[in-house]
Amino acid sequence: MNMSPKRKFGVVVVGVGRAGSVRMRDLRNPHPSSAFLNLIGFVSRRELGNIDGVQQISLEDALSSQEVEVAYICSESSSHEDYIRQFLNAGKHVLVEYPMTLSLAAAQELWELAEQKGKVLHEEHVELLMEEFAFLKKEVVGKDLLKGSLLFTAGPLEEERFGFPAFSGISRLTWLVSLFGELSLVSATLEERKEDQYMKMTVCLETEKKSPLSWIEEKGPGLKRNRYLSFHFKSGSLENVPNVGVNKNIFLKDQNIFVQKLLGQFSEKELAAEKKRILHCLGLAEEIQKYCCSRK
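If you look the protein up in an unreviewed UniProt entry, it shows as Biliverdin reductase A from Rhinopithecus roxellana. The heading Sequence similarities (unreviewed entry) in the UniProt record of the protein holds the text "Belongs to the Gfo/Idh/MocA family. Biliverdin reductase subfamily." What the UniProt record of the protein gives under Subunit (unreviewed entry) is the line "Monomer."

Dropping the structure here:
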């Protein structure tokens, strides 16, 4: 990345929860990619005035401002589609936290809109920038999978805000697809006890070579955030990932990728492969949701 940018892209951050706060911190720190970006303000439904000297601005002003060229969408998942559409229509580049949308059709439509407008639409996938994923990728390469499973546990999550579990947990699905290629759905079940804020989604998938993969999301009070995996290959097994160190600056690594896209440093081939993977995962998530809902 060239260290001396000829120009800076004006950025507004929409939503200042956990991800939005990290994004604002990264934008203000002296990193190579941040040198290409200028944080102009943030948009929030709460009245916050300013955060560490960064001004709150209205959504209307962010959309109409000539200064704002980029929007970081860090709000809850249910609002992503609407924000992406508004900012693309206003001629802005968009970075959005996963999942981009809660339906495949909406994602396809927004990608077409971005292409029409000549704008970058980038969906963040920090889980692919984690040390654990890099370790797994190395371990899995060239091996024949016999069967595998991935279980994720965490505290409760509101479906109204974050989408059906196949969407709110799409980073796990992205891991599986990135490791083993495109997958197809065999079956899925959802067990829910709303009064206890408990849910368990069990998904049976298979690889193109018909190897079975199970993916389970279990959420409820008292469940610690944890990932358990088990992959069996012809040449041996992998049970859980050793502690491979801290995931440092994963949002910043994602920002670097976004800036490379703004600067036209990604090949058409790389962009097409990424888009194909993202749409495949969103399509699978939607299929899982339909399958579970049809069984109710």
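Thoughts on the sheet that holds strand E13 (residues 236-239)
Judged by pairing direction, the sheet is mixed, and its six strands sit side by side in the order E9-E10-E11-E8-E12-E13 without closing on themselves. The open sheet is flanked by strand E9 (183-193) and E13, the only strands paired with a single partner. With direction set aside, neighbouring strand axes in the sheet form an average angle of 5°. Direction of pairing for E9 relative to strand E10 (residues 198-207): antiparallel, over a ladder of ten bridges. From the neighbouring strand, Thr189 faces E10, where its bridge partner is Thr202. Set on the sheet, helix H8 (residues 170-180) makes contact with strand E8 (145-154), E9, E10, strand E11 (212-219) and strand E12 (226-233); between it and E11 the angle comes to about 165°. Lying over the sheet, helix H10 (residues 268-294) contacts E9, E10 and E11, oriented at roughly 50° with respect to E9.

What to know about the packing of helix H3 (residues 80-89) against helix H4 (residues 104-117)
Put simply, H3 and H4 touch, their axes get as near as 10 Å, and they point 15° apart. For the element pair H3 / H4, the angle class is roughly parallel. Viewed along their axes, H3 and H4 form a crossing whose handedness is left-handed. Taking contact as the criterion, the partners of Glu81, Ile84, Arg85, Leu88 and Asn89 in H3 are, on H4, Ala106, Glu109, Leu110, Leu113, Ala114 and Lys117.

Analysis parameters
Each chain has its residues counted from 1, running along the sequence as written. Local features in this predicted model are restricted to residues of pLDDT 70 or higher, and side-chain atom pairs are both shown and tallied only at a pLDDT of 80 or more, whereas totals for entire chains, interfaces and linings draw on every residue. Computation of side-chain values covers all heavy atoms of the structure but excludes hydrogens and water. UniProt positions are given in the numbering used here, feature names are shortened, and annotations may be inferred rather than shown by experiment. Two strands pair if DSSP finds at least two bridges between them. Each helix is a run of DSSP H or I of at least 4 residues and each strand a run of E of at least 2, with the numbering of both proceeding from the N terminus. Here the axes come from fitting lines to C-alpha atoms, over the contacting stretch only for helices, and the angles between their N-to-C directions go from 0 to 180 degrees. Between two residues, a contact is recorded if the distance between any of their heavy atoms is within 4.5 Å. To sort the angles, those under 35 degrees are grouped as roughly parallel, those over 145 as roughly antiparallel, those from 65 to 115 as roughly perpendicular, and the leftovers as oblique. Throughout, a crossing is termed right-handed when the near helix is turned clockwise from the far one, and left-handed when it is turned anticlockwise from it by less than a right angle.

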